[in-house]
Each structure stands twice: as C-alpha cells, then as structure tokens.
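A closer look at the structure
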Amino acid sequence: LDELEFNNVQIDQHGPIAVLTINRPKALNALNADTLSEIAQAVNMIIEDAEVGALIITGAGEKAFVAGADISEFGDLEGVYDGRELALAGQDVMHQISSLPIPVIAAVNGYALGGGLELALACDVRVAATTARLGLPETSLGLIPGFGGTQRLPRLIGTGRALDMILTGRQVRADEALGMGLVNYVADNALTRAREVAEAMLKNAPIAVSLVKEAVRRGMDTTLEGGLEIEADLFGMTVATKDFREGVDAFLNKRPAEFQGE
Ligand code: HXC
C-alpha cells in the first residue's frame with residue numbers, strides 16, 4: 001500500500017493500521033474533485049488489503065484536517081443539476097467510508113469545516129487535536145451542507161445542537177466538541193491518540209467489530225423494533241464464529257484471546 005502514488009492523498013501502513021492523509025496543503029487540504037476521487041480509490045485499495053484492520057483519516061500539516069470542499073471549483077457549478085451531482089458524488093464517498101467493515105477513526109488535526117467535517121462525520125470515531133476547529137459554514141456561502149452534514153450531524157449530536165451549528169456556521173473548539181459528543185477524544189497529538197484508539201479496537205474480534213458497525217448503521221435507519229431484530233440476527237452470526245469460542249476460552253483460562261477473524 002505504501003507504494004501507491006496519488007497526488008493529493010497519501011497512504012501509510014504500519015501493521016494492521018492504515019493511515020490515509022489528505023495532502024493539499026496549499027488549499028488547507030480542501031476536497032477538489034480529484035482529491036475526492038483519490039480518496040475513493042485509496043479507500044478501495046486499503047479495504048482490499050486483508051492485513052488492514054483499522055483506518056485512520058487525517059490531514060497533512062498542523063493547520064487543517066480538511067477545510068471543506070474546494071471553493072475555487074464552485075465557479076464551475078451551474079444550476080440545480082450540477083449542484084445535485086456534486087452533493088451525490090461527495091455523499092457516495094462518505095457513504096463508502098461509513099460502510100467500511102473495519103473501524104475508521106478521524107484524527108482531526110486542525111480545521112474540519114464543511115465537507116471536511118462531513119468527512120469526519122462519516123468516520124466511526126473522531127479524535128480532535130486541542131487546536132481543532134469544527135464547523136459547517138455552508139450557509140455563509142449561500143449553500144447547505146451537501147456531503148451528509150444535515151443528516152449525520154443531527155444523528156450524532158441531536159437536532160438542536162446540529163441546527164445551532166449549521167444555522168450559525170460557527171466554529172466549535174475541541175473542548176466544546178467533546179462536551180457535545182461531536183468528538184470522542186481530545187489530545188495534543190490527534191494522530192497518536194487515534195492510533196491508540198485503533199490499537200484498542202484491534203484487540204477485539206474482527207467479525208464482531210464489523211457486525212457492531214453494521215448493527216448500529218442499519219439500526220439508525222429503522223425503528224427500535226427493526227433494529228433489535230437486526231441486532232439479534234447479527235448476534236446469532238457472532239455465536240457461529242471461531243473467535244467467539246476463542247474469546248470465551250481465553251476468559252475462562254485467564255489468558256489474552258488470540259482472534260483470527262474466523
Ligand atoms: C479552496 C481553500 C479552502 C477551501 C482554504 N483555502 N479553504 N481553498 N477551498 N475550502 C485556501 C485559501 O484560499 C488560501 O489559499 C489557503 O487555503 C489558506 O487559507 P487562508 O484562508 O489564507 O487561511 P486562514 O486565513 O488561516 O483561514 C483559514 C480558514 C479559511 C478559516 C479555514 O481558509 C476558510 O474559511 N476556508 C473556507 C472554509 C469553508 O467555508 N469551508 C466550507 C466550504 S463549502 P491562497 O491561495 O490564498 O493561499 C463545503 C460544501 C460541501 O465544504 C458540500 C458540497 C456539496
């Protein structure tokens with residue numbers, strides 16, 4: 001994976017953890033069309049690598065995670081159709097990320113604005129650097145969030161907080177973001193903490209980890225009753241795994257479990 005060449009993203013792999021870095025420092029890592037498509041390709045390649053058990057997404061440099069969609073490309077947009085296409089293209093990439101079977105952690109190392117925050121929202125867990133600033137300033141440009149922000153933000157932090165953030169477009173600091181559940185952790189070095197979180201997740205049974213993600217994701221789109229049925233079905237699948245036997249045996253024999261993902 002390390003050998004792959006992209007212009008605006010970079011992949012580093014250390015054991016089972018892949019780090020995808022958005023790297024366009026001259027535009028604070030803003031997502032132009034090329035970068036979005038490179039993210040999609042890179043994620044596809046990462047997921048095909050059986051060794052990778054967790055993905056961290058971060059931004060290059062100290063200043064920005066991702067400062068949004070690339071505003072300099074907005075001049076090319078004309079009318080309803082183009083706008084809708086742009087939103088759908090970004091939403092596809094965010095959906096691709098949010099439906100990955102492995103844990104995905106955003107290491108928010110600076111500005112996460114607009115499409116940048118929407119990218120972080122597509123991840124399972126967010127770690128913010130103490131200097132991070134998070135916001136959805138789209139209304140200040142005459143837009144609304146279009147890469148999932150109007151849907152994922154209220155699901156994560158509730159409608160009242162989400163509407164406040166989107167209607168004011170204000171930038172939320174890391175400590176406030178932590179208080180409202182917008183991020184899970186705040187650390188001086190977001191990437192280092194994200195690796196620690198990934199390591200903790202990697203200790204657990206991979207199939208169970210992946211099925212938890214599926215249960216939560218599908219459950220969010222349905223009724224409580226429907227979600228509980230999904231949970232029971234997926235629980236049933238975990239009981240049929242070798243890793244379940246291993247986990248129970250390890251507990252009873254007071255030894256660490258060694259999961260094989262089977
Ligand atoms: C293109 C961007 C950019 C962006 C920053 N840059 N953000 N270019 N798109 N989203 C560029 C600047 O133009 C500048 O280029 C360089 O990066 C450094 O940025 P500065 O503004 O000089 O830095 P600073 O003064 O420190 O301000 C940082 C900032 C500001 C607060 C993050 O850059 C900013 O407000 N950026 C825009 C944030 C935003 O509105 N994002 C939402 C976009 S809409 P030069 O060449 O001058 O050095 C969106 C919609 C998604 O994301 C959904 C669509 C369907």
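Summarised in this report is the structure supplied together with it. Everything numeric in this text was worked out from a predicted model, so none of it was measured. (Residues numbered from 1 in each chain as written. Predicted model: local features only at pLDDT ≥ 70, side-chain atom pairs only at ≥ 80, totals over all residues. Heavy atoms only, no water.)

**Focus: the sheet that holds strand S8 (residues 133-135)**
Selection criterion: Only when DSSP finds a minimum of two bridges between them are two strands counted as paired. Helix and strand assignments come from DSSP, with helices taken as H or I runs of at least 4 residues and strands as E runs of at least 2, each series counted from the N terminus.
The 4 strands are arranged S4-S6-S8-S9 in an open sheet whose pairing can be described as mixed. Taken across any chain shown, the strands that pair with only one partner, and hence form the sheet edges, are strand S4 (64-66) and strand S9 (172-173). Where S4 meets strand S6 (residues 111-113), 2 bridges bridge the pair, whose relative direction is parallel. Note on S6: the bridge partner recorded for Val-66 is Ala-112.

**Things to note about the pattern of salt bridges**
The line we're drawing: Basic side-chain nitrogens of Lys or Arg form a salt bridge, by our definition, when they fall within 4 Å of a carboxyl oxygen of Asp or Glu. Burial classification: accessible surface area is computed with a 1.4 Å probe over protein chains only, and a residue below 20% of its type maximum counts as buried, one above 50% as exposed, and the rest as partly exposed.
Enumeration according to the criterion identifies 9 salt bridges in this entry. A salt bridge links Arg-24 to Asp-70; the nearest nitrogen and oxygen atoms lie 2.8 Å apart. Separated by 46 residues along the polypeptide, Arg-24 in the loop between strand S2 (17-22) and helix H1 (33-48) and Asp-70 in the loop between S4 and helix H2 (79-98) bring together distant segments of the chain. Residue Arg-24 is classed as buried on the basis of its relative accessible area, which comes to 10%.

**Topic: the site of the ligand**
Heads up, the condition is: Proximity criterion: a residue is near a molecule or strand once any of its heavy atoms comes within 4 Å of it. Polar contact is defined as a pair of N or O atoms within 3.5 Å, subject to the rule that within protein one atom must be able to donate a hydrogen and the other to accept it, and that residues adjacent in sequence are counted only when both atoms are side-chain atoms. All accessible areas in this document rest on Shrake-Rupley with a 1.4 Å probe, and a residue is counted as covered only by the protein chains that are shown.
The environment of the ligand is made up of 24 residues, and the closest members are Lys-63, Ala-67, Ala-69, Ile-71 and Gly-115. Interatomic distance of 3.4 Å between a backbone N/O atom of Lys-26 and an oxygen atom of the ligand. With respect to the ligand, the side chain of Lys-63 contributes an N or O atom lying 2.6 Å from an oxygen atom. In the complex, 63% of the free accessible area of the ligand, which totals 1000 Å², lies under the protein chains. Every element with two or more residues in the shell around the ligand is listed here: H2, S6 and helix H3 (115-121).

**A look at the side chain of Arg-133**
As a reminder of what qualifies: Here the positive residues are Lys and Arg and the negative ones are Asp and Glu; neither His nor the chain ends is included. We call two residues in contact whenever any of their non-hydrogen atoms come within 4.5 Å of each other.
Looking at where Arg-133 falls in the secondary structure, it is placed in strand S8. In this structure Arg-133 is buried but unpaired, with Asp-175 as the nearest side chain of opposite charge at 7.2 Å. Within the local environment of Arg-133, its side chain forms a polar contact with the backbone oxygen of Thr-131, the two atoms lying 3.3 Å apart. With residues up to four places along the chain from it excluded, the contact list for Arg-133 reads Gly-110, Tyr-111, Ala-112, Leu-113, Gln-171, Val-172 and Arg-173.

**Some remarks on the pairing of strand S3 (residues 54-59)**
Threshold: The crossover handedness rule: strands pointing away from the viewer, path from first strand over the helix to second strand clockwise, crossover right-handed.
Taken across its 6 residues, S3 has 6 buried, putting it largely inside the fold. Side chains Ala-54, Ile-56 and Thr-58 of S3 all project onto a buried face; the interleaved residues Leu-55, Ile-57 and Gly-59 project onto the opposite face, where all are buried too. Following the chain from S2 across H1 to the adjacent parallel S3, one finds a crossover that is right-handed. Pairing analysis gives 4 bridges linking S3 to strand S5 (residues 104-108), with the strands arranged parallel. Its bridge partner lying in S5, Leu-55 is registered against Val-104.

Any functional reading would require information that these geometric values do not contain.
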